[in-house]
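These are the residues of each chain, in order.
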Amino acid sequence: MSAADPSDLVPLACMNVIMPTAMVSMHTDPEMSASSAKTAERGKRVLGALGEETADVKKNCGDIVAAAKGMLEKEGSEKVGD
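This text gives an overview of the structure that appears in the document. (Residues numbered from 1 in each chain as written. Predicted model: local features only at pLDDT ≥ 70, side-chain atom pairs only at ≥ 80, totals over all residues. Heavy atoms only, no water.)

### Quick word on the overall build of the protein
Argument step 1. Each helix and strand in the protein was counted, giving 3 helices and 2 strands.
Argument step 2. Counting from the amino terminus, the protein carries its helices and strands in the arrangement α-α-α-β-β.
Argument step 3. Scored against the burial criterion, the 82 residues of the protein give a buried share of 16%.
Argument step 4. Long-range pairs, those at least 24 residues apart, make up 50% of the contacts in the protein with a sequence separation of at least 6.
Argument step 5. Carbon and sulfur atoms form 60% of the exposed surface of the protein, whose accessible area is close to 6200 Å². (Helix = DSSP H or I, 4+ residues; strand = E, 2+ residues; numbered from the N terminus. Buried < 20%, exposed > 50% of the residue type's maximum accessible area, 1.4 Å probe, protein only. Contact = heavy atoms within 4.5 Å. Areas by Shrake-Rupley, 256 points an atom, 1.4 Å probe, with all protein chains shown as cover.)

### Some thoughts on the side chain of Ser33
Argument step 1. In this fold, Ser33 is placed in helix H2 (residues 30–49).
Argument step 2. Contact partners of Ser33, with chain neighbours within four places excluded, come to Val24 and His27.

### Structural notes on the nonpolar core
Argument step 1. Judged by nonpolar contacts, Val10, Ala13, Cys14, Val17, Leu47 and Val57 together constitute the single largest core of 6 residues.
Argument step 2. Of all the elements, helix H1 (residues 6–26) adds the most residues to this core, at 4 residues.
Argument step 3. When near neighbours in sequence (up to four residues on either side) are disregarded, Ala13 contacts Gly43, Val46, Leu47 and Leu50. (Core = buried A, V, L, I, M, F, W, Y, C linked by side-chain atoms within 4.5 Å.)

### Here's the deal with a nonpolar patch on the surface
Argument step 1. A contiguous nonpolar surface patch, about 490 Å² in accessible area, is contributed by Leu9, Leu12, Met15, Ile18, Met19 and Ile64.
Argument step 2. With 5 residues, the top contributor of residues to the nonpolar patch is H1.
Argument step 3. Inspection of the secondary structure puts Met19 in helix H1. (Patch = residues over 30% accessible without salt bridge, like charges linked within 9 Å, V, L, I, M, F, W, Y side chains within 5 Å. Salt bridge = Lys/Arg side-chain N within 4 Å of Asp/Glu carboxyl O.)

Written out as structure tokens, the structure reads:
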């Protein structure tokens, strides 16, 4: 078995934090919400194991924060959603 490429794993690990975190507030069933929260916590541990200070993790997480704030720019000066 060959070693996995971190540039492939980091986006997946980020998605495994983001999606269930979003779903915590979307679920109307408390049990489903709790399950999503548990999945998000596990995703954070996986992401941390990949190295919180690595360039790939910093870039992906930085892009996520920028997108969440509506400040991620598309090809120059056009903002996403504009």
